[in-house]
Amino acid sequence: MVEIVEIAGGDGVPPEPNWRSIFGRVADREAAAGYWRDVISELRSADKLAVANAHSIKRLVVSYVTYDISAREVLKSGPVIKAKKTGVPMYNPWFAAMSGADSQAATLEKALCITPRERGAGAKVERKATRSTGGGYLKSRG
């Protein structure tokens with residue numbers, strides 16, 4: 001009969017994504033890494049960090065960086081630009097991307113309970129306490 005041994009699963013910190021596969025510019029990758037560290041730190045300090053949230057955190061970081069990229073482009077040319085063919089004023093497509101990234105980030109921040117208003121709403125992540133018995137030679141009673 002095989003004896004099953006439990007191995008502790010780390011501290012609940014999800015692995016950082018490969019930002020190179022998502023963002024082409026070095027500045028965007030560095031910004032993403034910074035946002036990742038900030039979000040992980042915030043969730044850890046609130047006892048709400050779990051590996052299960054890795055994809056949501058990744059989407060949040062991508063939203064932040066997309067917002068930054070879009071905001072840069074909107075600041076260059078403005079929220080309203082002239083259409084190439086007709087010259088008629090139209091909304092800048094970067095403005096729509098910026099607005100979409102903003103609403104997605106707000107939704108994810110609320111779901112992850114990052115904002116101060118939502119911080120009390122989410123439950124804290126329960127950490128499994130390690131339990132040891134008398135040197136391995138006593139029978140477990142629980």
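### Topic: the overall build of the protein chain
Here is step 1: Along the backbone of the protein chain there are 3 helices and 2 strands.
Here is step 2: Taken from N to C terminus, the helices and strands of the protein chain fall in the order α-α-β-β-α.
Here is step 3: As presented, the protein chain carries roughly 10,300 Å² of accessible surface, and 56% of it is formed by carbon and sulfur atoms.

### Some remarks on the packing of helix H2 (residues 54–77) against helix H3 (residues 93–112)
Here is step 1: Two elements in contact, H2 and H3, have axes separated by 8 Å at closest approach and are oriented at 150°. Classified by the angle their axes make, H2 and H3 are roughly antiparallel. Viewed along their axes, H2 and H3 form a crossing whose handedness is left-handed.
Here is step 2: When grouped by side-chain class, the residues that make up the contact of H2 with H3 number 15 nonpolar, 5 polar and 4 charged.

### Thoughts on the pattern of salt bridges
Here is step 1: Taken as a whole and judged by the stated rule, the model has 3 salt bridges.
Here is step 2: Between lysine 76 and glutamate 73 there is a salt bridge, and its shortest N-O distance comes to 3.4 Å. Placement of the pair is lysine 76 and glutamate 73 together in helix H2, with a separation of 3 residues, close to one helical turn.
Here is step 3: Lysine 76 gets classed as exposed once you look at its relative accessible area, which sits at 65%.
Here is step 4: Accessibility expressed as a relative area gives 24% for glutamate 73, which makes it partly exposed.
Here is step 5: Members of the salt-bridge network, linked through shared partners, are Arg25, Asp28 and Arg72.

### Examining the packing of helix H1 (residues 26–45) against H2
Here is step 1: Contact geometry of H1 with H2 gives a least axis separation of 9 Å together with a crossing angle of 135°. In terms of orientation, H1 lies oblique with respect to H2. Here H1 runs over H2; the crossing is right-handed. Residues Asp28, Ala31, Ala32, Tyr35, Trp36, Val39, Ile40 and Leu43 of H1 lie in contact with H2, whose contacting residues are Ala54, Ile57, Lys58, Leu60, Val61, Tyr64, Val65, Asp68, Ile69 and Arg72.

### Regarding the nonpolar core
Here is step 1: If you look at the biggest cluster of nonpolar residues, it comprises 18 residues, and the most contacted ones within it are Trp19, Val39, Leu43, Ile57 and Leu60.
Here is step 2: The set of elements that each furnish at least two residues to this core consists of H1, H2 and H3.
Here is step 3: Broken down by element, this core gets its largest block of residues, 6 residues, from H1.
Here is step 4: Beyond its immediate chain neighbours, meaning those up to four positions away, tryptophan 19 contacts Arg29, Ala32, Ala33, Trp36, Lys58, Val61 and Val62.

### Some details on the packing of aromatic side chains
Here is step 1: With the rule as written, the count across this model stands at 4 aromatic pairs.
Here is step 2: Taken together, Trp19, Phe23 and Trp36 form an aromatic cluster joined through their ring pairs.

### What about the side chain of serine 70?
Here is step 1: Locating serine 70 in the fold gives a position in helix H2.
Here is step 2: Serine 70 gets classed as buried once you look at its relative accessible area, which sits at 0%.
Here is step 3: Those residues in contact with serine 70, other than ones at most four positions away along the chain, are Trp94, Ala97 and Met98.

### Details of H1
Here is step 1: The end-to-end C-alpha distance of H1 is 29 Å, a good match for the 28 Å that 20 residues give at a rise of 1.5 Å each.
Here is step 2: Residues of H1 that are buried: Asp28, Arg29, Ala32, Ala33, Gly34, Trp36, Val39, Ile40 and Leu43.
Here is step 3: In this structure, the buried side of H1 is in contact with H2 and H3.
Here is step 4: Phi turns positive one or two residues past the end of H1, at aspartate 47, with a value near 55°.

Each value, and the rule that gives it
- Residues numbered from 1 in each chain as written.
- Predicted model: local features only at pLDDT ≥ 70, side-chain atom pairs only at ≥ 80, totals over all residues.
- Heavy atoms only, no water.
- Helix = DSSP H or I, 4+ residues; strand = E, 2+ residues; numbered from the N terminus.
- Areas by Shrake-Rupley, 256 points an atom, 1.4 Å probe, with all protein chains shown as cover.
- Axes fitted to C-alpha atoms, helices over the stretch in contact; angles between N-to-C directions.
- Parallel < 35°, antiparallel > 145°, perpendicular 65-115°, else oblique.
- Left-handed = near helix turned anticlockwise from the far one by under 90°.
- Nonpolar A, V, L, I, M, F, W, Y, C, P; charged D, E, K, R; others polar.
- Salt bridge = Lys/Arg side-chain N within 4 Å of Asp/Glu carboxyl O.
- Buried < 20%, exposed > 50% of the residue type's maximum accessible area, 1.4 Å probe, protein only.
- Contact = heavy atoms within 4.5 Å.
- Core = buried A, V, L, I, M, F, W, Y, C linked by side-chain atoms within 4.5 Å.
- Phe/Tyr/Trp six-rings, centres within 6.5 Å; stacked < 30°, edge-to-face > 60°.
- Expected span 1.5 Å × (residues − 1).

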